[in-house]
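Descriptive analysis of the structure
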Amino acid sequence: MDWLRPIESLTASDRKVAGGKAVNLGALARAGLTVPRACVLVEAAYREFVDLSGLRGRMLIEFNRKRLQQMRWEEMWDASLRIRHMFASALWPAEAQARVGTALQATFGDAAVAVRSSAPEEDTARASFAGIHASFVNVRGPDSVLEHVKLVWASLFSDGALLYARELGLDVLSSSMAVVVQELVSGDCSGVAFTQSPTREDQAVIEAVHGLNQGLVDGVIAPDRWVLSRATGEVVTHEPATRDRHVVADAAGVVVEPLPDAARTRPPLDAARLSRVWGAAAEIERLFGSAQDVEWTFAGDELFVLQARPITTLKAADIDPDRAWYLSLRRSYENLEWLRARVEDEHLPAMAREADALARQEPSALSDTELDGEVERRRGIYRKWHDVYWEEMIPLAHGVRLFGELYNTAMAPEDPYEFVQLLEGGSLRGLERNDRLLDLADRVGRATASDRGHDETALDPATQGELETLLAELGGTFQATPDTRADWVRLLSRMARRVRQPKVRRRERSRELEQRYLDRFQGQERERARGILDLARASYRLRDDDNLYLGRIEVQVQAAEAEQRRRGRAPADTPKDPEVSEELALTAAGLRPRTPADSAPADASLRARQLLGQPAGPGVARGRARVVRSRDDLFEFEENEVLVCDAVDPNMTFVVPLARAVVERRGGMLIHGAIIAREYGLPCVTGIPDATDQISTGDELTVDGFLGIVTVHTPAS
Amino acid sequence: MKNQEARARLRRLLQSQPLGVLAVGGTETMHATLVAIAATEDLRQVILATSRATRKFELMRRNPRAALLVDDRTNQVSDFRDAQAATAHGLAAEVEAGNMEEMRALYLGRHPYLEEFVRAPTCALMSIAVETYDLVGNFQEVHVLRVGDGLAASD
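Residues numbered from 1 in each chain as written. Chains lettered and ligands numbered in written order. Predicted model: local features only at pLDDT ≥ 70, side-chain atom pairs only at ≥ 80, totals over all residues. Heavy atoms only, no water.

This part covers the pattern of salt bridges. According to the stated counting rule, one finds 54 salt bridges over all chains in the structure shown. With its nearest N and O atoms 3.9 Å apart, the salt bridge here joins A:Glu636 to A:Arg490. Remark: A:Arg490 occurs in helix 17 (residues 482-496) and A:Glu636 occurs in the loop between helix 22 (631-635) and strand 17 (642-645); sequence separation between them is 146 residues. Owing to a relative accessible area of 35%, A:Glu636 belongs among the partly exposed residues under this scheme. Here B:Glu131 makes a salt bridge to B:Arg65, at a shortest N to O gap of 3.4 Å. (Salt bridge = Lys/Arg side-chain N within 4 Å of Asp/Glu carboxyl O. Helix = DSSP H or I, 4+ residues; strand = E, 2+ residues; numbered from the N terminus. Buried < 20%, exposed > 50% of the residue type's maximum accessible area, 1.4 Å probe, protein only.)

Structure follows, in structure tokens:
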């Protein structure tokens, strides 16, 4: 079968084999509009590729770890990253590579092309998939085109696509994708035309930028924006942008460059060109019989239509707000750098100041009425920072993903998570605190070894002072009360007796990997690669530290609420967003309260033997389980036990140095528990549903952090 | 997975599959063989029929410890996601005379075409008294169901 077909040969009945984008381009070409030379690799190529390479089975197993419906967004992101890596490392069957490569060479030679997704469901009025599937521009030569085709295919499983599939109830494994290979037109002015404005039916919108339209589509470059009357084509408004950068093709892709001075003051389109764009867009709308979203570019005086798709009928109100939020997590490097500056320079210092100011205000000194007001005020402050956390701090985590994708593309490592090694070893606040705690443990150990028991009176004033300081930082349920202090002294004495593990020395390996990574790039690209690594390190660090800052504010809310309770003025319940509780796990220091289901008597006739989660920290270890559900469980933790919990909260990180391995219900490679486990070189498996119900304290476990499997041994084995 | 769900899965599997792989042996030899099966409603017994001249009969007579694998694979790649398997572990013995009618009826209810074979004087109707089932799903997820405790009682 001929896998590579010219777009002019396609008709509407080819949508299933060639995808929406290709069929629409074919219709434009046949209607006489100027479109770049293009052909389509039909979807049969995808199906054969995933079958012959074994990818279909590997993906099946990947989605077997957990059904899509049960995955958290971080788990989707992890699955997506692993699948992208599978595609990138899979080899083309030799015969297909030769056959398609020869046809590509004959059509495009070594000319630069764009490689774009064209899934059958794409670009229909029902679902646009806009921005969900991948496109690559400025790709040269058949080998490189075929490599990029694999990455476009992999985008069928991008986290955005997985969310979309879940929302629409699509079976991702049965989906397929054709790919358009289109000659790159190096436009000097590009943009998008919406023949109908999303806000007014009688208006159209045209957006334009200098250079390639990649920057506009990715949201990196702000466009000039014209609103036109649909009836007359006359300009209603023109909003100029701050024109300082443009996207241009370089040796291997595109780069953002400063815009020459002359172009900064000149709108990308003059009146005549604006009129030509509107004329073409209106013609395309007539051709397809519905409002269209048209991408175009001017090369010299020639107007090229790059693609056209119906404006999806999905109203903004119909879009799942969660998905909209998830999709907003995919940010450009430039946007993330801006976010990073906001978080590091503004938000975190402001949160620290706010927490300090609250700490200075002693609730016990307030009258009853003042106290009620103070509780409300503190809750308001918490809500404000909670919103900032969701809107700016969590999205910053995408810095890690951006780097992961770049690293995997450039380095093609065997392990798709090798990139994490370049991020580790930084100064995580939780680890710094643990180091101080372990030093303190040694002092406590020496004091209590003098046989005065686990009594804080055995401690010298300096050690007591240090203990108080640490407890104040931990806050919440660990705050200083006589009981807590005794528990702490007991735990610290146990920590002091731990067998000293040699510190994991991965800095050297990390430096070596960093050098190899940077050596893959040259010139401006190298600087960008370095910048993305630096951003990822900040993003990794902040992902872990930011909820500590938010935790400090919550401690102050709790302190005021506790005072209210002490006076018999029960605070009104604050409605909790379940996702917030899940993500931050701030209540009760992150320990999930037992639900009625948890407290039901265990059924002795059924027990887990082997549980499947995500491999989140490499290594394998065998040890006795300690299921941590409460503060008391934490203080019972013994050296070399396997920590089993719902989610490792930053405030319970202190037991990790005693643990032999970590198992948790919450899934993800970059969640707090996984990060901390890897820092200590511990095997870690995350994302095991009902981990704390299926495993009991005392069970003998093998934690396989390579495969993501936890085996529960029978006593006899 | 909850007990109820485990039992339902197991029952579906045993009722949908006519065949299983019986593993028997001792310290010197191991033997695996495909057999026609039927399970009792309480899942505590799995019945199979064999000629007394077979190797499996001889091995079961010497060492009654047996394992029996039942699965619903289709030999497609989708099995790695969808296939369920259960391995019964227990002790095999010939069905006692007092239970013969009931067990033979159960067995022939599942496999009516084996009537002649089962009623032959050289055929032994064997029962595996199951102690546990290992249930495997999602490719690598394993739960152990002990059928002695409470399984039938809570049915």
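So that's the structure; there's more coming.
With that out of the way, let us pick up the environment of A:Gly160. Residue and element names in this part refer to chain A. Tracing the backbone through its elements, the reader meets Gly160 in helix 7 (residues 159-168). Given the relative accessible area of 6%, Gly160 is considered buried. For the pair formed by Gly160 and His133, sequence separation is 27 residues and the distance between their alpha carbons is 8.2 Å.

With 20 residues of chain A in contact, the opposing surface of chain B contributes 18 residues. Surface buried jointly by chain A and chain B totals about 1,900 Å² across both partners, of which 55% is contributed by carbon and sulfur atoms. At the boundary of chain A and chain B, one finds 0 salt bridges. Linking chain A with chain B are 8 residue pairs in polar contact (both at pLDDT 80 or more). With 7 residues, strand 14 (residues 606-612) of chain A is the largest single contributor of residues to the side of chain A that touches chain B. Of the residues assigned to the side of chain A that touches chain B, the class counts are 8 nonpolar, 5 polar and 7 charged. Here strand 14 of chain A pairs with strand 7 (residues 141-146) of chain B via 4 bridges, running antiparallel. Along strand 7 of chain B, the bridge assignment pairs A:Leu606 with B:Leu145. (Contact = heavy atoms within 4.5 Å. Buried area = accessible area lost by both parts, 1.4 Å probe. Polar contact = N/O pair within 3.5 Å; in protein donor to acceptor, adjacent residues only side chain to side chain. Nonpolar A, V, L, I, M, F, W, Y, C, P; charged D, E, K, R; others polar. Pairing = 2+ DSSP bridges.)

This paragraph deals with the sheet that holds strand 1 (residues 4-6) of chain A. Residue and element names in this part refer to chain A. Pairing within the open sheet is antiparallel, and its 5 strands lie in the order 1-2-5-3-4. Looking along the sheet, the strands with just one partner apiece sit at the ends: strand 1 and strand 4 (135-140). Taken pair by pair, the neighbouring strands of this sheet meet at an average axis angle of 25°, ignoring direction. Both strand 2 (residues 38-41) and strand 5 (residues 178-183) contribute to a ladder of 4 bridges, which runs antiparallel. (Axes fitted to C-alpha atoms, helices over the stretch in contact; angles between N-to-C directions.)

With that settled, consider the packing of aromatic side chains. Residues and elements named next belong to chain A. One pass over the structure, following the stated rule, counts 19 aromatic pairs over all chains. Seen in terms of ring centroids, Tyr389 and Trp390 are 6.4 Å apart; in terms of plane orientation they differ by 75°. Their pairing is edge-to-face. For Trp390, a relative accessible area of 13% corresponds to the buried category. Here the aromatic rings of Tyr517 and Phe521 are separated by 5.3 Å at their centres, their planes lie at 75°, and the arrangement is edge-to-face. Each member of the pair, Tyr517 as well as Phe521, carries the same accessibility label: buried. What links up through ring pairs into an aromatic cluster is the set Tyr46, Phe49, Phe63, Phe87, Trp92, Trp153 and Phe157. Directly above the ring of Trp3 sits Arg99, whose terminal nitrogen or CZ lies 4.5 Å from the centroid. Residue placement shows Arg401 over the ring face of Trp77; its charged tip is 4.6 Å from the ring centre. (Phe/Tyr/Trp six-rings, centres within 6.5 Å; stacked < 30°, edge-to-face > 60°. Lys NZ or Arg CZ within 6 Å of the ring centre and 35° of its normal.)

In this section: the side chain of B:Lys56. Residue and element names in this part refer to chain B. Among the structural elements, Lys56 can be located in helix 2 (residues 55-62). Put simply, Lys56 is tucked away with no salt bridge, and the nearest opposite charge, on Glu58, sits 12 Å away. Once residues lying within four places of it in the same chain are set aside, the contact partners of Lys56 are Leu22, Val24, His31, Thr33, Val35 and Thr50. (Lys, Arg positive; Asp, Glu negative; His and termini not counted.)

Taken by themselves, the reported measurements are silent on function.
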